[in-house]
Every structure is written in C-alpha cells, then in structure tokens.
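Chain by chain, the residues:
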Amino acid sequence: MSGKGQRPEAGSVADAPKGNWVDRYAPGPWRPYLRLSRADRPIGTWLLLLPCWWGLLLAMLHDGQARWFDLWIFASCGIGAFLMRGAGCTWNDITDRHIDGSVARTASRPIPSGQVSVKAALAWLVAQALVAFLILLTFPGMAIALGILALAPVAVYPFAKRFTWWPQVFLGIAFNWGALLAWTAHTGRLEWPAVVLYLAGIAWTLFYDTIYAHQDAEDDALIGVKSTARLFGDQSPQWLRWFLVVTVVLMTAAVILAMRGGEPMALLVALLGPWALGLHLLWQLTRLNLHDTTALLALFRSNRNAGLLPLPFFAIALLV
C-alpha cells in the first residue's frame, strides 16, 4: 500500500475532492454524517439521478406530452437521488466497516476512522430513507411499489463483492432503477422502453464502475474482494468497448421503442442522445490508463458529463 491511504486532516476522506463544500462550509457536527452519505463526492448522486431524468424525458416523448406534475418528478428525483444515495452509502459503509479499514483509499471513511459509530450510522440511514419514502408517496401507486422494491438490490449490493466477480451488475441494478421509477411516475405504468433503457443504464454502470474499481484492484486482491476490474485485469479495455457498444445499442432501442409512430424528425434528434453518450465513453477509452489512479478517478467522475449528454437531445425532440 502507498502513502495515499494516510488519513487527511480534519477528518476529511482521502478521495474526496479538495475544498469540497462539506469540508469548507458544513457545520462541524454534521460533517461526519455528510461524509458518510458521500455528500462531499456528488458524482454518485449524479449517477443515480441521470437515469431518472432519462426515464422521465423518454416517457414524455413516448406519450408526446408534458404536465406540471413532471416538474415535481424532475425535482423530486434530484432530492430522492441525494437521499437514497446517502442511505445506500451509509448501508455500504456499515456492512464494509471491517474491509474499509484495510483499503488505503477507504480507511479514512467515517466509520473505520472512528468518526461515526455503527449505531449512529444506522440512525442516519433510517432518517434519510424515511424522508425519501415521504417523497415517494407523492407518486402514483405503481411507482410507489417500484420504489419500495428498489430497496432489495440496495440491500444486497454491499455483499455482492463477497460472492461474485460481477458486483458491478448489482450496482447497475440498484443505480439505474430510477429509469423505471421516473417512467412509471409519468405514465402510471411500466413499459418495455423503460426496461430497455434500464438495461442500457446497467451496461453503462459496468463501464464506469469497472474503471472506478481499478483504483482498488491491488488492495482488493490482498483482502479477497471481487470486482470486474480484478476479473478482467489487463483485458479491461476490450470489455469496456463491449459495454460501450451495448449501452449505445440498448439506449438507441429504447428511444425507438418509445417513439414508434411519432414524428420522424423528433426521433432523429432523440437518437443523437445515445450516440453523444457513446462518443464520450469512447473519449474515456482513449485516455484510459489502468495504472494511474488519479486518471482513473477523473475518468469515473467524467461520467456525470457523459450521462448529461442525452438530455438536451431528448428535450429538443419534445419541441420538434
């Protein structure tokens, strides 16, 4: 292990962006809990939120209309993503507290570093989940049911790396659930375009989280934690190309299914969305260096921009 695992000053987390808002502005007593929720690293909230917005806009394209309630869906997905990402990270750190202390990048997290007790972390988890549940109750019944069902993959994910080389699949199942939820919140029903979009999101997660997992590959090997990064090793670039292709193909199929029989020009504009996402993933591959942890983290974080790219095309298609 390298010196990068040394605990930063003032309890901040080793891989958090320097000068993040939690370290600079949050009240002192709240900082450990906000760090537990990864509020100092917003990329995870974005990656949870973006499939929600994909699903909402694609649902609007599907039925050709926007309603005032869609503004609430749009905003509540943002609030809910922040809360449920925080609850999920809290649960992950509770279950991984013994592992995190042995990994250089995670040893400074609030639980292994002693800033937050397990009992306090559980209380924080429940508080976040309850507020998110109250927001969920404003949605139609089918969407509420889907939201409750989403707790299953969230609960299982932290254990996946103990029994499968593909824990990134479980992360993808959990992180892209919003595509199903937002579609159903708009339409009141779950349909095939949303399912195909959801599968595209899972492929995208396999792409970006394999990159992310390469940061910890050496430590994971020492403690026996599984990941696609360890499974693929130096063959990761070839696998990432396949995940890129599957992501673009499935999102393209979701757009076509959602807009069948609609305005051809609107369809063409919407189809630019998945291809723009694919070009960004291709750009990431050209800069991939599996042995440069700083570059790996930067590429992983760039997936916020990648996931934002389909949205303006979907939005413009609504106006065509």
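The rules behind each value
Residues numbered from 1 in each chain as written. Predicted model: local features only at pLDDT ≥ 70, side-chain atom pairs only at ≥ 80, totals over all residues. Heavy atoms only, no water. Helix = DSSP H or I, 4+ residues; strand = E, 2+ residues; numbered from the N terminus. Rg over C-alpha atoms; globule rule 2.2 N^0.38 Å. Buried < 20%, exposed > 50% of the residue type's maximum accessible area, 1.4 Å probe, protein only. Contact = heavy atoms within 4.5 Å. Lys, Arg positive; Asp, Glu negative; His and termini not counted. Charge placed at Lys NZ, Arg CZ, Asp CG, Glu CD. Core = buried A, V, L, I, M, F, W, Y, C linked by side-chain atoms within 4.5 Å. Arc of directions from axis to C-beta. Axes fitted to C-alpha atoms, helices over the stretch in contact; angles between N-to-C directions. Parallel < 35°, antiparallel > 145°, perpendicular 65-115°, else oblique. Left-handed = near helix turned anticlockwise from the far one by under 90°. Nonpolar A, V, L, I, M, F, W, Y, C, P; charged D, E, K, R; others polar. Patch = residues over 30% accessible without salt bridge, like charges linked within 9 Å, V, L, I, M, F, W, Y side chains within 5 Å. Areas by Shrake-Rupley, 256 points an atom, 1.4 Å probe, with all protein chains shown as cover. Salt bridge = Lys/Arg side-chain N within 4 Å of Asp/Glu carboxyl O. Expected span 1.5 Å × (residues − 1). Bend = angle between axes of the 7 residues up to and from the residue. Polar contact = N/O pair within 3.5 Å; in protein donor to acceptor, adjacent residues only side chain to side chain. Phe/Tyr/Trp six-rings, centres within 6.5 Å; stacked < 30°, edge-to-face > 60°. Lys NZ or Arg CZ within 6 Å of the ring centre and 35° of its normal.

Novice: Quick rundown of the overall build of the chain? Include the residues and the values.
Specialist: Scanning the chain from terminus to terminus reveals 18 helices and 0 strands. Since a compact globule built from 320 residues should have a radius of gyration of about 20 Å, the 19 Å found for the chain is in line with a globular shape. Seen through its C-alpha atoms, the chain measures out along the principal axes to roughly 60 × 45 × 35 Å. Within the chain, buried positions represent 53% of all 320 residues. The contacts of the chain with a sequence gap of at least 6 include a subset with a gap of at least 24, amounting to 75%. Within the chain, the 18 negative side-chain charges are centred at a point lying 3 Å from the centre of the 24 positive side-chain charges.

Novice: Got a sec to walk through the nonpolar core? Specific residues and values, please.
Specialist: A general tendency of soluble globular proteins is for nonpolar side chains to be buried together. If you look at the biggest cluster of nonpolar residues, it comprises 71 residues, and the most contacted ones within it are Trp-54, Leu-58, Phe-139, Trp-204, Phe-207, Leu-288 and Phe-314. When sequence neighbours within four positions are dropped, the list of residues in contact with Leu-58 reads Trp-183, Leu-197, Ala-254, Val-255, Ala-258 and Phe-314. Among the nonpolar cores identified, the runner-up in size contains 7 residues, and Leu-36, Val-116, Ala-121 and Leu-125 belong to it.

Novice: Tell me what's going on with helix α18 (residues 310–319), and back it up with residues and numbers.
Specialist: Every buried residue of α18 is accounted for by Pro-310, Leu-311, Phe-314 and Ala-317. The buried residues of α18 occupy an angular sector of 125° when projected down its axis, which confines them to one face. In this structure, the buried side of α18 is in contact with α3 (43–63), α14 (236–258), α15 (264–286) and α17 (303–308).

Novice: For the packing of helix α10 (residues 177–187) against helix α11 (residues 192–213), give the residues involved together with the corresponding values.
Specialist: Between α10 and α11, the least distance of the axes is 8 Å, while the angle of their chain directions is 160°. Considering the angle they form, α10 stands roughly antiparallel to α11. You can see that α10 and α11 cross each other, and the crossing is right-handed. Together, Trp-177, Ala-179, Leu-180 and Trp-183 of α10 and Pro-193, Ala-194, Val-195, Leu-197 and Tyr-198 of α11 make up the contact between the two elements. Per-class residue counts for the contact of α10 with α11 are 9 nonpolar, no polar and no charged.

Novice: If you had to explain a nonpolar patch on the surface to someone new, which residues and values would you point to?
Specialist: There is a patch of nonpolar side chains on the surface, built from Phe-133, Leu-134, Leu-137, Ile-148 and Leu-151 and spanning about 460 Å² of accessible area. Relative to the helices and strands, Leu-151 resides in helix α8 (residues 151–163). Owing to a relative accessible area of 46%, Leu-151 belongs among the partly exposed residues under this scheme.

Novice: Any chance you could break down the packing of α3 against α10 for me, citing the residues and the numbers?
Specialist: Relative orientation of the contacting elements α3 and α10 amounts to 35°, with a least axis distance of 7 Å. By crossing handedness, the relation of α3 to α10 is classed as right-handed. Facing α3, whose interface residues are Pro-51, Cys-52, Gly-55, Leu-56, Leu-58, Ala-59, Met-60, His-62 and Asp-63, α10 presents Gly-178, Ala-179, Ala-182, Trp-183, His-186 and Thr-187. By residue class, the composition of the contact of α3 with α10 is 9 nonpolar, 5 polar and 1 charged.

Novice: Describe the environment of Ser-102, with residues and values.
Specialist: Positionally, Ser-102 belongs in the loop between α5 (97–100) and α6 (118–136). For Ser-102, a relative accessible area of 29% corresponds to the partly exposed category.

Novice: Give me the lowdown on α8, citing residues and values where you can.
Specialist: For α8, built from 13 residues, the straight-helix expectation of 18 Å at 1.5 Å per residue is met to within 8% by its first-to-last C-alpha distance of 19 Å. At Tyr-157, α8 shows its maximal kink, close to 45°; a proline, Pro-158, follows between one and four residues later. Of the residues making up α8, those classed as buried are Pro-153, Pro-158, Ala-160 and Lys-161. Buried residues belonging to α8 abut α4 (68–95), α7 (141–149), α9 (167–175) and α10.

Novice: Give a detailed account of the side chain of Asp-70, specifying residues and quantitative values.
Specialist: Within the element layout of this structure, Asp-70 appears in helix α4. With no salt bridge to any partner, buried Asp-70 finds its closest opposite charge in Arg-67, at an N-O distance of 4.5 Å. Side-chain polar atoms of Asp-70 contact the side chain of His-186, separated by 2.6 Å. Beyond its immediate stretch of four places on either side in the chain, Asp-70 contacts Leu-56, Met-60, Gln-65 and His-186.

Novice: Run through the packing of aromatic side chains, naming residues and quoting values.
Specialist: One pass over the structure, following the stated rule, counts 17 aromatic pairs. On the numbers, 5.1 Å between centres and 40° between planes, the contact of Trp-54 with Trp-204 is tilted. Here Trp-54, found in helix α3, pairs with Trp-204, found in helix α11; they are 150 residues apart in sequence, far enough to count as distant. Both residues of the pair, Trp-54 and Trp-204, belong to the buried class. In textbook terms, an aromatic cluster arises when at least three aromatic residues are bridged by ring pairs, as seen for Trp-54, Trp-204, Tyr-208, Tyr-212 and Phe-300. For Lys-226, the ring lying beneath its charged end belongs to Trp-165, and the centroid distance is 5.7 Å. Note that Arg-304 overlies the ring of Trp-46, its terminal NZ or CZ placed 5.8 Å from the centroid.

Novice: I'd like a description of unusual backbone geometry, backed by residues and values.
Specialist: Excluding glycine, residues mostly have negative phi values, and the peptide bonds linking residues are mostly trans. Phi is positive for Arg-38, which is not a glycine, with a value near 60°. The class of Arg-38 is buried, set by a relative accessible area of 6%.

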